[in-house]
Amino acid sequence: MIKYALVVLILLSGFNCTHKSEVRDGDREEVFRHRADSIMALMTLDEKIGQLNLPAAGDITTGQASNSNVAEKIKNGQVGGLFNLKSAEKIREVQRLAVEESRLGIPLLFGMDVIHGYETIFPIPLGLSSSWDMDLIKETARIAANEASADGISWTFSPMTDISRDPRWGRVSEGNGEDPYLASQIAKAMVEGYQGNDLSLENTIMACVKHFALYGAGEAGRDYNTVDMSKIRMYNEYFPPYKAAIDAGVGTVMTAFNEVDGIPASANRWLMTQVLREDWGFDGFVVTDYTAIEEMIDHGIGDLDHVSALALKAGVDMDMVSEGFLTTLKSALQQGKISEKDIDDACRRILIAKLKLGLFEDPYRYADPERAKKEVFSDDNRKRAREIASQTFVLLKNDNGTLPLKKGSKIALVGPMADNAENMSGTWSVAGNFGESISLRKGLENALGDGALISYAKGSNVVVDSLLESRVSIFGKPTYRDPRSEQILIEEALVAAKDADVIIAAVGESAEMSGESSSLTTIELPENQRNLLKALHKTGKPVIVVLFTGRPIGLGWEKENIPAILNVWFAGSEAGDAIADALFGEVNPSGKLTMTFPQNVGQIPLYYNHKNTGRPLAEGKWFEKFRSNYLDVTNEPLYPFGFGLSYTSFQYGEMEFNKVELKGDDKLLVKIPVTNIGQYSGQEVVQLYIRDKVASVTRPVKELKGFQKIQLEIGQTKLVEFEITVKHLKFYDYDLNYVWESGDFEIMIGGDSQQVKSKTISWKN
Ligand code: BGC
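The structure presented is a predicted model; accordingly, all values stated were derived computationally and were not measured.

Draft legend 1. Structural detail: a nonpolar patch on the surface. Taken together, the side chains of Trp622, Phe623 and Leu631 make up a nonpolar region of the molecular surface, amounting to roughly 350 Å² of accessible area. When you line up the elements, Phe623 lands in the loop between α23 (575-583) and β17 (650-652).

Draft legend 2. Seen up close, the domain arrangement of the protein. If you check the domain split of the protein, you get domain 1 (2-372), domain 2 (386-594) and domain 3 (650-764). Measuring from the centre of the C-alpha atoms in domain 1 to the corresponding centre in domain 2 gives 36 Å. Between domain 1 and domain 2, the contact holds 42 residues from the first and 35 residues from the second. Here domain 1 and domain 2 share 1 salt bridge between them. For the salt bridge of Arg171 with Glu516, the shortest nitrogen-to-oxygen distance reads 3.4 Å. Scanning the region where domain 1 abuts domain 2 turns up 24 residue pairs in polar contact (both at pLDDT 80 or more). Every element with two or more residues in the side of domain 1 that touches domain 2 is listed here: α6 (125-129) and α7 (134-150). The element best represented in the side of domain 1 that touches domain 2 is α6, accounting for 4 residues. Among the residues forming the side of domain 1 that touches domain 2, the class breakdown is 18 nonpolar, 13 polar and 11 charged.

Draft legend 3. Examining the state of the cysteines more closely. For the structure on display, the rule yields 0 disulfides. In this model Cys208 remains outside any disulfide bridge; the closest cysteine sulfur is found in Cys347, 18 Å from its own.

Draft legend 4. A look at the packing of helix α8 (residues 180-195) against helix α10 (residues 240-247). Following both chains from N to C, one finds α8 and α10 inclined at 30 degrees, their axes separated by 8 Å at the closest point. It follows from the interaxial angle that α8 and α10 lie roughly parallel. Read as a crossing pair, α8 and α10 show a hand that is right-handed. Taken together, the residues of α10 that come into contact with α8 (itself represented by Pro180, Ala183, Ser184, Ala187 and Val191) are Pro240, Pro241, Ala244 and Ala245.

Draft legend 5. A look at helix α20 (residues 486-497). Taking 1.5 Å of rise per residue, the 12 residues of α20 would be expected to cover 16 Å, and the 16 Å separating its terminal C-alpha atoms lies within 8% of that figure. Of all the positions in α20, only Glu486, Leu489, Ile490, Ala493, Ala496 and Ala497 are classed as buried. Taken around the axis of α20, the buried residues stretch over an arc of 115 degrees, which confines them to a single face. Buried residues in α20 make contact with β12 (411-414), β13 (454-457), β14 (502-508) and α21 (527-538).

Draft legend 6. Focus on the side chain of Ser646. As for its position among the elements, Ser646 is in the loop between α23 and β17. Taking the relative accessible area as the measure of exposure, Ser646 reaches 13% and is therefore buried. Within polar-contact distance, the side chain of Ser646 engages the side chain of Asn588 at 3.1 Å. In terms of polar contacts, Ser646 uses its side chain to reach the backbone amide nitrogen of Thr648, at 3.0 Å. Setting aside chain neighbours within four positions, we find Ser646 in contact with Leu395, Asn588 and Pro589.

Draft legend 7. Molecular detail of the packing of aromatic side chains. For the coordinates displayed, the defined rule picks out 28 aromatic pairs. Where Phe212 meets Phe239, the ring centres are 5.9 Å apart and the plane angle is 40 degrees; that geometry is what we call tilted. Linking Phe212 in strand β5 (residues 208-212) with Phe239 in the loop between α9 (231-238) and α10, this pair joins segments that are 27 residues apart in sequence. Ring geometry for Tyr608 versus Tyr689: centroids 5.5 Å apart, planes at 70 degrees, classification edge-to-face.

Draft legend 8. Examining the site of the ligand more closely. Every one of the 14 residues lining the ligand counts as a neighbour, but Asp113, Arg171, Lys210, His211 and Asp289 are closest to it. Separating an oxygen atom of the ligand from a side-chain N or O atom of Asp113 is a distance of 2.5 Å. Note that an oxygen atom of the ligand is positioned 2.8 Å from one of the side-chain N or O atoms of Lys210. When the ligand is considered free in solution it has 310 Å² of accessible area, and contact with the protein chains removes 94% of it. When grouped by side-chain class, the residues that make up the shell around the ligand number 7 nonpolar, 2 polar and 5 charged.

Procedures and definitions
Residues numbered from 1 in each chain as written. Predicted model: local features only at pLDDT ≥ 70, side-chain atom pairs only at ≥ 80, totals over all residues. Heavy atoms only, no water. Patch = residues over 30% accessible without salt bridge, like charges linked within 9 Å, V, L, I, M, F, W, Y side chains within 5 Å. Areas by Shrake-Rupley, 256 points an atom, 1.4 Å probe, with all protein chains shown as cover. Salt bridge = Lys/Arg side-chain N within 4 Å of Asp/Glu carboxyl O. Helix = DSSP H or I, 4+ residues; strand = E, 2+ residues; numbered from the N terminus. Domains from an automatic or database assignment. Contact = heavy atoms within 4.5 Å. Polar contact = N/O pair within 3.5 Å; in protein donor to acceptor, adjacent residues only side chain to side chain. Nonpolar A, V, L, I, M, F, W, Y, C, P; charged D, E, K, R; others polar. Disulfide = S-S within 2.5 Å. Axes fitted to C-alpha atoms, helices over the stretch in contact; angles between N-to-C directions. Parallel < 35°, antiparallel > 145°, perpendicular 65-115°, else oblique. Left-handed = near helix turned anticlockwise from the far one by under 90°. Expected span 1.5 Å × (residues − 1). Buried < 20%, exposed > 50% of the residue type's maximum accessible area, 1.4 Å probe, protein only. Arc of directions from axis to C-beta. Phe/Tyr/Trp six-rings, centres within 6.5 Å; stacked < 30°, edge-to-face > 60°. Near = heavy atom within 4 Å.

Right, here's the structure in full:
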C-alpha cells in the first residue's frame, strides 16, 4: 500500500516537469529536489543506504532472477541500481522485483559499459577520436543510446576521457588520445549524444564521465598503478576533458582506482567535493569504479569501515560492488564518523537522477522488447557503423599509390586478424554479438562478389607464447590458435601468396591485447608476425599491412620496408566491409592519429605537446652532447600526433593574418588556403596549434587550439579560417588561476603536429 502512496505523493509534489521546455532549469532542479525529499521522508535509514549500493548483475544473469542473491537484496530495498545485465525482458523482470516487491517500490537504475556502441559496435574510442569528426562521434553515442535504452539500459559508464601518454597502458584504446583540447571536444560530443536535451525521453540515457581523475597517468603504463602529478599539470593537461563533460551536463562521474596526490581518488575530498562540486558546479552523483572502496584497504588507507566512511565524506554517492556502504555506514553513523546529512545528500542525488530519467513515472520506460527488436543491431545502424568506421582509419604509409587496390587484382589475404570476426569489435563491447561481426575476409569477399580471387592463409598466430595468447582470448573473443609451428604457418602463407598480385597482411593485436588489465612492456609488433611480413616482403610482391591495434604500436621495420600501412584500430561490428571500402578506394582514408606512435618503448612518454626544457635539441639534429636526447635513437616519434595520409595530397598555402599586434579583446583571424593537388577527392583535418613563447610558468612547445575537417574535390582550394581570442591563450598559472599573459605567440597551422606553417604575433593586455 505504501508504494501506491509514494507514487501518488511524488506525482502530486510539484508540477510535472520532466519536459525541459515547460519550466526554467532552476525551477526544475528545485522540483526534483522537492520530490526526492518527499520520497526520502518515507524512507528508513537502511533504505537510504540501500540506494547507495550498486552490485553487478551477478547470479541474476545466469539463474532465475527472482531466486538470486541480488534479488533478495533488491526486495529488501538494499540496491539502488544494477549493471551489465542485458536484454529488455530480463531487465523488466528485475525492475519488477524492485517496483512491486520492495517496500517502497523505488525503481532501479540499469547501467552498462556501453563504450563504443551497444550491439551495433563502432570503432574503439581511440579509433573514433582519429576521425576528428565531432558530429560523427556524437552520432555513435546517439545510436548507442537508442539501442541500449530500448533494451533496458538507462545509464552508461561512458565517456572515458582519461588523457594518456603511455601506449603500454592497454586502456588507451578506450580513451581519446593525448590531447586535452581534442579530448574535451569529444567528451562534450559523447555526453550530448547519450543524454540529448531531455533525459526523460525513452531513447536518451545518462552518461558517466570516467575515471576521475588521472587514471591514464599510472606509472610505467601498468594498469591501476600509482599516479604522482603536480597540480599545475593536472589542471592544464589532465583535467580539461573531465571538466568539458561536466560543462556539457553529464549526469554522473566515476572515480578512478588510482591515488591522486597521495589519497585514493575515491576518498579524495579535495577532488570529489572541492574541485568537482564547488569549483566546477557538478550536481549529479558520483559512483566509484568497480570495488574501488574495498581496494582502499590494499592502498593502505584503513579497513572497510574506515574507507567506506572516508569515501562518503569525500563526496562519493554510490558504491560499485564493494558493499562497503551497505554493510558499514549505519555503524559509522552511530559512531559519529559520518552524519545523517551525508547519507541524505548521497541518496538525494541518486533519487534525483532517477527522477530526471523519468523512472518514477514509468520504471519500464527503458525496456521495450518491441522497440529493441526493431532498433537494436538494425540494418540502418549497421550501415552507419560501416560508414563511420571507414572515417577512423589512418593511412600511415602509401608508397607509389599502392592503395587503393584495383578490384581485378588477385589477392592473397594472410595474418592472424584476417579471418577473425569475433575480434573486430575490440575491447569493451559488452553487448556485442561478436560472431556476427564482419571479418576482413568476409568484407573483401562482399566487395568482390562471386568472382572473388582471394587466397587465404593464417600465416601466424597472434604471438608465439601460447600462455600470453590465452590471457587475451577472453570475453568470447577467441584467437583460434593454430598448433602448428610458426615456420609451417609462414610456408603456407607463401603458398597462398604464390599467384597473387598483391598481399594483404592483417596483423597487429587481438582485441583484448588492449583494454583493461592489458598493459604491455613491449609494444613492438610481435616477432612472429614480423617474421611473416619479412617472408612476404621477400617475395617482391606489394604487401599491404592492415594494422589491427588498440594502442600505438612499434612499426619501425614496417615503416622502412612495407609500401602501404593502413591502421584500422578495431573498427567494430562492420569492420570488414568498412576496411574493404577503404582498400578499394570507395572511401578515401582521412583519419589522423590522436596519440603519438613512438619509435620504441624507451621513448615513452612521448607526446607532441611537451615542454621545451632548458636544453632542447636543435631541430633536425640527432644527438648533441649535453642536450636533452638519447644516444641510441632520435627524439622524433615514429608517427606524430595529428598524422595521417590520404590517397590524395593537400597543399597548404601561406597564412594570412588580419593583424599581428593585438590587444585585449581583439580577435585574430587567420586564413590559410588548402588545395587538393592529387587525383582523388578527400578530406583533410586542418589543425591549429599555438605556442605561448614566454610566460610565468613553462608552457608546451605547441598546443592544439582548433581544427576543421574539410572535404576537397580534385583541384579544389578552400580558404580555412580560424578565429582566435584570448580564450585560446588561457592556462592555469602557478597559483592555479586561469589566466592569459601578454607576450608573443607562435601560430601554427598544418596537416599534422609537425608539418606546419608558422608565424609569431604579439598580444598585449
Ligand atoms: C572499469 C570501469 C567500468 C567498470 C564496470 C571497471 O573495471 O574500470 O571502466 O565501468 O569496471 O564494468
